[in-house]
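# Overview (structure and organization)
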Number of protein chains: 2
Amino acid sequence: MNEISEINISIDMLNTNEEIHAENKDLFDGEGIFVINLMSAPGSGKTSILEKLIPKLKQTLNMAVIEGDLYTTKDAERIEAQGVPVAQINTAGLCYLDGGMVREASLNFDLREINLIIIENVGCLVSPAEFDIGEDIKLCVLSVTEGNDKPLKYPLMFKKSTAIILNKIDLIGFTDFVEDEFYKDIKLINDKAKIFKTSCTKNLGIDELSEWILQEVNKKLR
Amino acid sequence: MNEISEINISIDMLNTNEEIHAENKDLFDGEGIFVINLMSAPGSGKTSILEKLIPKLKQTLNMAVIEGDLYTTKDAERIEAQGVPVAQINTAGLCYLDGGMVREASLNFDLREINLIIIENVGCLVSPAEFDIGEDIKLCVLSVTEGNDKPLKYPLMFKKSTAIILNKIDLIGFTDFVEDEFYKDIKLINDKAKIFKTSCTKNLGIDELSEWILQEVNKKLR
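## Overview of the overall build of chain A
Counting its secondary structure elements, chain A contains eight helices and seven strands. The C-alpha atoms of chain A give a radius of gyration of 17 Å, which matches the 17 Å a tight globule of 222 residues would have. If one aligns the C-alpha atoms of chain A with their principal axes, the spans along those axes are about 60 × 40 × 35 Å. Scored against the burial criterion, the 222 residues of chain A give a buried share of 55%.

## Focus on empty space enclosed by the protein
Taken as a whole and judged by the stated rule, the model has two cavities of 30 Å³ or more. In this structure, the largest cavity encloses a volume near 40 Å³. Thr145 and Glu146 of chain A together with Ser143, Thr145 and Glu146 of chain B are, among the 13 residues lining the largest cavity, the residues nearest its centre. Grouping the constituent residues of the lining of the largest cavity by class yields two nonpolar, seven polar and four charged. Here the second largest cavity is characterised by a volume of approximately 30 Å³.

## Quick word on the interface of chain A and chain B
With 36 residues of chain A at the interface, the matching set in chain B holds 36 residues. Taking both sides of the interface into account, the surface hidden between chain A and chain B amounts to around 3,000 Å²; carbon and sulfur atoms contribute 64%. At the junction of chain A with chain B, the criterion picks out four salt bridges. If you list the elements that add at least two residues to the side of chain A that touches chain B, you get helix H1 (2–30), helix H3 (74–80) and helix H5 (150–153) of chain A. Examining the composition of the side of chain A that touches chain B, we find that six residues originate from one element, H1 of chain A, more than from any other. When grouped by side-chain class, the residues that make up the side of chain A that touches chain B number 17 nonpolar, seven polar and 12 charged.

## A short note on the relation of the copies chain A and chain B
Overlaying chain A on chain B yields an RMSD of 0.0 Å, the required transformation being a rotation through 180° with an accompanying axial translation of 0.0 Å. The operation mapping one copy onto its partner corresponds to a two-fold rotation axis. When you check the interface residues of chain A against chain B, 100% turn up at the interface there too, and the contact is symmetric in its surfaces.

## Quick word on the pattern of salt bridges
Residue and element names in this part refer to chain B. For the coordinates displayed, the defined rule picks out 34 salt bridges over all chains. Between Asp136 and Lys25 there is a salt bridge, and its shortest N-O distance comes to 3.0 Å. Linking Asp136 in the loop between strand S4 (116–120) and strand S5 (137–143) with Lys25 in helix H1 (residues 2–30), this pair joins segments that are 111 residues apart in sequence. For Lys184, the salt bridge identified is with Glu181, shortest N-O distance 3.5 Å. Linking Lys184 with Glu181, this pair stays in helix H7 (residues 179–189), spanning three residues, or about one helical turn. Residue class for Lys184 comes out partly exposed when judged on its relative accessible area of 47%. By relative accessible area, Glu181 is classed as partly exposed at 32%.

## Overview of the packing of aromatic side chains
Taken as a whole and assessed by the stated rule, the structure comprises nine aromatic pairs over all chains. With centroids separated by 4.2 Å and ring planes inclined at 5°, the aromatic side chains of Tyr96 of chain B and Phe131 of chain B adopt a geometry described as stacked. Remark: Phe131 of chain B occurs in the loop between S4 and S5 and Tyr96 of chain B occurs in the loop between strand S3 (86–90) and helix H4 (99–106); sequence separation between them is 35 residues. Both residues of the pair, Tyr96 of chain B and Phe131 of chain B, count as buried. For the ring pair Phe196 of chain B and Trp212 of chain B, a centre distance of 5.4 Å and an interplane angle of 50° mean the geometry is tilted. Of the two residues, Phe196 of chain B sits in strand S7 (residues 194–197) while Trp212 of chain B sits in helix H8 (residues 206–221), which places them 16 residues apart along the sequence. Of the two residues, Phe196 of chain B and Trp212 of chain B, both sit in the buried class. A network of ring pairs unites the aromatic residues Phe177, Phe182 and Tyr183 of chain A as a single cluster.

## What about the nonpolar core?
Generally speaking, nonpolar side chains in soluble globular proteins are found buried as a group. The biggest cluster of nonpolar side chains holds 86 residues, and the ones touching the most others in it are Ile117 of chain A together with Ile66 and Ile117 of chain B. Not counting residues up to four positions away in its chain, the partners in contact with Ile117 of chain B are Phe28, Ile33, Phe34, Val35, Ile36, Ala64, Ile66, Phe109 and Leu111 of chain B.

Procedures and definitions
- Residues numbered from 1 in each chain as written.
- Chains lettered and ligands numbered in written order.
- Predicted model: local features only at pLDDT ≥ 70, side-chain atom pairs only at ≥ 80, totals over all residues.
- Heavy atoms only, no water.
- Helix = DSSP H or I, 4+ residues; strand = E, 2+ residues; numbered from the N terminus.
- Rg over C-alpha atoms; globule rule 2.2 N^0.38 Å.
- Buried < 20%, exposed > 50% of the residue type's maximum accessible area, 1.4 Å probe, protein only.
- 1 Å grid on protein atoms, 1.4 Å probe; cavity = no way out; pocket = protein on both sides within 12 Å on 5 of 7 lines; lining within 4 Å.
- Points joined across faces, edges and corners; volume = space filled by probe spheres on them.
- Nonpolar A, V, L, I, M, F, W, Y, C, P; charged D, E, K, R; others polar.
- Contact = heavy atoms within 4.5 Å.
- Buried area = accessible area lost by both parts, 1.4 Å probe.
- Salt bridge = Lys/Arg side-chain N within 4 Å of Asp/Glu carboxyl O.
- Least-squares fit on C-alpha atoms with pLDDT ≥ 70 in both.
- Phe/Tyr/Trp six-rings, centres within 6.5 Å; stacked < 30°, edge-to-face > 60°.
- Core = buried A, V, L, I, M, F, W, Y, C linked by side-chain atoms within 4.5 Å.

Set out below in structure tokens:
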């Protein structure tokens, strides 16, 4: 009997994630909240990009951030210092967020007051792309130091992202990253993807990215 | 009945991985083969390190490489150009290798002729560390561009690795990587880990790493 109940749980979990994605979406839509699922490999610069974006976005939006991490609150502390509400999800070793975790984390905010939630997913170029978590759009970060071969090697995340942020662009001259190859591969995988080139240390491309996010939010909320 | 058989499969899979790890280990030990499980996030430089190590290691060892990747053979092609036998595992979306995949891939080699297999795992800082696959030692690569906070954020891989390779050391001046913090955190997680600092573009630290690998191989095989 234990065995039967276990398999029931796993079937429920599969159904549940799709259902919770839809329920989360309904909840966020109902409250007038735009939700971004921000994904990348570890160390591509998700948190640094958020640190640069928040001061710009919070001028016109009431935003909150959900931070996904295996065990620590390191990133959440960096975001909190930017003066926006943060909720931490610790996955205890799982390399992705699911809809249930995001739902629970979002209950830490007064949703009536908020019109943008950015979810910083766990650092992994594979599994996070497999889970819809209630977001309006997925954004994916690749840093030039990771190499231009990554979109073809890890296609799902690049395929499902509305925009791709090519970060650490200031370091490109020290790498063998071939920009033409990158653009060609992205066109193959996802020819509608918008591409932003950024550097957090040199403050490059942040204005363009921030403006575009504002436009996306306004498209939904107007 | 279908439900019961499904849960049996999943229990079998858990048991099987531990069993296959032990069986792989027996097989490789019996043939006098030292096996390295090389792991990191995407883009840390595993393949580039192999390209630098192989010319040195193959002078005295008969080596082969197993390449793990979601879909492509890009890395395997780079290794093949180094003139050593390569077997490709494509995981079709899974972000880790398991013992069964490694066993099957190893059957592509004439194991009696080989005394070193290096397995380049799928690029992911989380799941690969959870699976023992028949290896003697795990090696983990972190590039300085990923940030010094990664060991505490993704502790399992750093905990289980005999040595940690800090790669792209030539770029450290362009990052906010704090070396002292990195050493302090590694000491907390795994105070026995040996640390190598390497740069593939500047050819730094490769001799030391190669020498150490030779010593480890000889410890087992003598």
